[in-house]
Amino acid sequence: MSERSVSKSREQKRWYSVLAPEQFDRQELGETLAEEPDQVVGRTITTTLGELTGDSGANNTKLTFKITDVGSDTAYTEFIKYELTRDYLRSLVRRGASKVEASITVLTTDDYRIRVQPVALTTKKADRSQEKAIRRVMIDKVHAAAEERTFEAFVDAIVEGNLSSAVYGEAKLIYPLRRVEVQKLTLEARPREVAAEEEASVEVDGDEVAVGDE
C-alpha cells in the first residue's frame, strides 16, 4: 500500500476516547482508532490500578476493560479482569515457605459468574494438612463474599483488599502467614449468558427424559 493510500485510510478513521465504567469514575483509559463505531466494540484496554488512582504503589495491579458501547466519539467499557503482575507475584515467594493457591468459580448476587484465584504465602514451610486447611478457608471466604455481593461490590472488595484481609485473618490461625493476595479475577459470564446456559441446560435435561413404551 502506498504512503498516499495509508494517509487517506488514516484520514477516514477517527479517534474514540475510551472511558472506564462508572465504578472507576469514568476515568479516561486511552484512545482507540477506527473507521466505524462498531469496529470499536469488543476491543480491550489494560491499565494499572496505580494509573487510575494516582497511587504508584498500586502499579503491580493490572485492570482490563472491554468496550461494550460507543456514543459519538466516546467508547464505554465494562470491567473484565483483575491481575497482579508476574514480577510482583515472584517477589512474594520465599524459599522454604509455602505458596497456597486456589481457583474458585462463583456466582454473585446479580448473576455474574467469575473465577477468583487467591494465593496465601506462609512464613515457613507448612505441612500438607495445613496447606489444605488454608485453601479451604480461601474457598469458603470467596464463596461467602460472592453470596452477599453484587459483581461491582465483589470487585471493590478485591481492589480494596477486603477479601484478602478476611482470608488472612482466619487462615493465619492455621499457620503464620506473610501475605494473602487475590492474584487474578476473571469475568467468565454475564447474567444474560448465565441465564442462556441455564435455559439450554434445562432443555437438554428435558430431552434426556426417558419416554416409556406406549
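Residues numbered from 1 in each chain as written. Predicted model: local features only at pLDDT ≥ 70, side-chain atom pairs only at ≥ 80, totals over all residues. Heavy atoms only, no water.

K.L.:
Explain the overall build of the protein chain residue by residue, including any values.
P.N.:
For the protein chain, the count of helices and strands is 7 helices and 9 strands. Classification of the 214 residues of the protein chain by burial places 40% in the buried group. Long-range pairs, those at least 24 residues apart, make up 58% of the contacts in the protein chain with a sequence separation of at least 6. Carbon and sulfur atoms provide 43% of the accessible area of the protein chain, an area that totals close to 12800 Å². (Helix = DSSP H or I, 4+ residues; strand = E, 2+ residues; numbered from the N terminus. Buried < 20%, exposed > 50% of the residue type's maximum accessible area, 1.4 Å probe, protein only. Contact = heavy atoms within 4.5 Å. Areas by Shrake-Rupley, 256 points an atom, 1.4 Å probe, with all protein chains shown as cover.)

K.L.:
Any details on the pairing of strand β9 (residues 177–189)? Residues and values, ideally.
P.N.:
As paired elements, strand β5 (residues 74–84) and β9 share 3 bridges and run antiparallel to each other. Looking at the pairing, Glu83 lines up with Lys184 of β9. Bridge count between strand β8 (residues 113–122) and β9: 10 bridges; the pairing is antiparallel. Looking at β9, one finds that Ala120 is bridged to Val180. (Pairing = 2+ DSSP bridges.)

K.L.:
Let's hear about the packing of aromatic side chains: which residues, and what values?
P.N.:
Taken as a whole and assessed by the stated rule, the structure comprises 5 aromatic pairs. Both rings, one in Phe24 and one in Phe65, keep their centres 5.4 Å apart while their planes meet at 85°; by these two values the pair is edge-to-face. Here Phe65 lies in strand β4 (residues 61–71) and Phe24 lies in the loop between β1 (14–19) and β2 (28–34), a separation of 41 residues in the sequence. Take Phe24 and Phe65: they sit in the same class, and that class is buried. Between Phe79 and Phe151 the ring centres are 6.2 Å apart and the planes differ by 40°, which places this aromatic pair in the tilted class. In this pair, Phe79 sits in strand β5 while Phe151 sits in helix α5 (residues 151–159), placing the two residues 72 residues apart along the sequence. Both residues of the pair, Phe79 and Phe151, belong to the buried class. (Phe/Tyr/Trp six-rings, centres within 6.5 Å; stacked < 30°, edge-to-face > 60°.)

K.L.:
An account of the environment of Arg26 is needed here, citing residue identities and associated values.
P.N.:
Assignment of secondary structure puts Arg26 in the loop between β1 and β2. With relative accessibility at 38%, the residue Arg26 sits in the partly exposed group. In the structure, Arg26 is positioned 51 residues away from Thr77 in sequence and 9.1 Å away in space, judged by C-alpha atoms.

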